[in-house]
Amino acid sequence: MNGALLIKIFLSVVDELMAQPRLYALSNREQYINFRADDFKQKLKEVVIRNQNYLGTSKIKPFLDDFKILQWIISNRERYTNVQKINGKAVRVLTVDRRKYELLKSLGWEEL
């Protein structure tokens, strides 16, 4: 897979979800961005389908695996999600490291 495309997909998913304030919550002094797992997976599916002619697939599991390996999403070993306390309630979420997201976003990813 093309690395720049993987980054573009990750950034698109997070950007599009963060454009809607009710779809995420910040935690740990705003170091982590928490999304409902279903919202994140649905948005990832939409972005992958939009880019399907470049990717040749519409499966999202390989992307989730790559995001986890690169530690762009933070979770336990066996899962993509974890439990965070949000507004006083324990919620299962998919957590993105905000510092890594902002670093990737600040770098130029245009083709040479």
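Quick look at the structure, then. As the structure is a computational prediction, the values presented were derived from the model and not from experiment. Sequence positions are assigned chain by chain, starting from 1 and proceeding in written order. Side-chain atom pairs in this predicted model are given and counted only at pLDDT of 80 or more, local residue features only at pLDDT of at least 70, and totals for whole chains, interfaces and linings cover all residues. Excluding hydrogens and water, the side-chain figures rest on all heavy atoms present in the structure.

Remarks on the packing of aromatic side chains
Counted only if it meets this: Stacked, tilted and edge-to-face are the three classes applied to pairs of Phe, Tyr and Trp rings, where Trp contributes its six-membered ring and a pair requires centres within 6.5 Å; stacked means planes under 30 degrees apart, edge-to-face means over 60, and tilted covers the rest. Any residue under 20% of the maximum accessible area for its type is buried, any over 50% is exposed, and the rest in between are partly exposed; the area is computed with a 1.4 Å probe on protein chains only.
For the coordinates displayed, the defined rule picks out five aromatic pairs. Here the aromatic rings of phenylalanine 35 and phenylalanine 40 are separated by 5.8 Å at their centres, their planes lie at 45 degrees, and the arrangement is tilted. There is no split in this pair, since phenylalanine 35 and phenylalanine 40 are both buried. Taking 5.9 Å as the distance between ring centres and 35 degrees as the angle between the ring planes, the aromatic pair formed by phenylalanine 67 and tryptophan 72 counts as tilted. Neither residue differs from the other here; phenylalanine 67 and tryptophan 72 are each classed as buried. Members of the aromatic cluster, joined through ring pairs, are Phe10, Phe67 and Trp72.

Details of helix α4 (residues 61-69)
Note the cut-off: For helices the rule is a DSSP run of H or I covering at least 4 residues; for strands it is a run of E covering at least 2, with both sets numbered from the N terminus onward. The arc refers to the directions leading from the helix axis to the C-beta atoms. Whether two residues are in contact is decided by their heavy atoms, any of which lying within 4.5 Å being enough.
Within α4, the full set of buried residues consists of Phe63, Leu64 and Phe67. For α4, the arc enclosing every buried residue in end-on projection is 100 degrees, short of the 170-degree limit, so these residues lie on one face. On its buried face, α4 is in contact with α1 (3-18), α2 (37-50), α3 (52-55), β3 (73-74) and β5 (89-97).

A few points about the nonpolar core
Put simply, the rule reads: By nonpolar core is meant a set of buried Ala, Val, Leu, Ile, Met, Phe, Trp, Tyr and Cys residues that side-chain atoms within 4.5 Å join together.
In terms of nonpolar packing, the biggest core is built from 29 residues, with Ile9, Phe10, Phe40, Leu44, Phe67 and Val96 touching the most fellow members. Of all elements in the fold, only α1, β2 (32-36), α2, α4, β5 and α5 (98-106) reach the threshold of two or more residues within this core. Among the elements that make up this core, the one with the highest residue count is α1 (10 residues). Beyond its immediate stretch of four places on either side in the chain, phenylalanine 10 contacts Phe67, Trp72, Val96, Tyr101 and Leu104.

Description of the environment of lysine 100
Rule in force here: Residues adjacent in sequence count toward polar contacts only when both atoms are side-chain atoms; beyond that, a polar contact is any pair of N or O atoms within 3.5 Å, and within protein one must be able to donate a hydrogen and the other to accept it.
For lysine 100, the location among the structural elements is in helix α5. As a C-alpha pair, lysine 100 and tyrosine 32 span 68 residues in sequence and 9.7 Å in three-dimensional space. Excluding residues that lie within four positions of it along the chain, lysine 100 makes contacts with Leu70, Gln71 and Trp72. Only 3.0 Å separates the side chain of lysine 100 from the backbone oxygen of glutamine 71, close enough to count as a polar contact.

Focus on the side chain of asparagine 82
Along the chain, asparagine 82 turns up in strand β4 (residues 82-86). Its relative accessible area of 10% is what places asparagine 82 among the buried residues. For asparagine 82, the side chain forms a polar contact with the main-chain oxygen of isoleucine 74, separated by 2.8 Å. A polar side-chain atom of asparagine 82 sits 3.3 Å from a polar atom in the side chain of threonine 95. When near neighbours in sequence (up to four residues on either side) are disregarded, asparagine 82 contacts Ile74, Ser75, Val91, Arg92, Val93 and Thr95.

What to know about α2
Applicable threshold: Under the convention used throughout, the expected extent of a helix is 1.5 Å for every residue step, that is, one less than its residue count.
The terminal C-alpha atoms of α2 lie 20 Å apart, and with 14 residues this matches the ideal 20 Å at 1.5 Å per residue to within 8%. Listing the buried residues of α2 in full gives Ala37, Phe40, Lys43, Leu44, Val47 and Val48. Down the axis of α2, the buried side of the element spans an arc of 140 degrees, and every buried residue falls inside it. Buried residues along α2 sit in contact with α1, β2, α3, α4 and β5.

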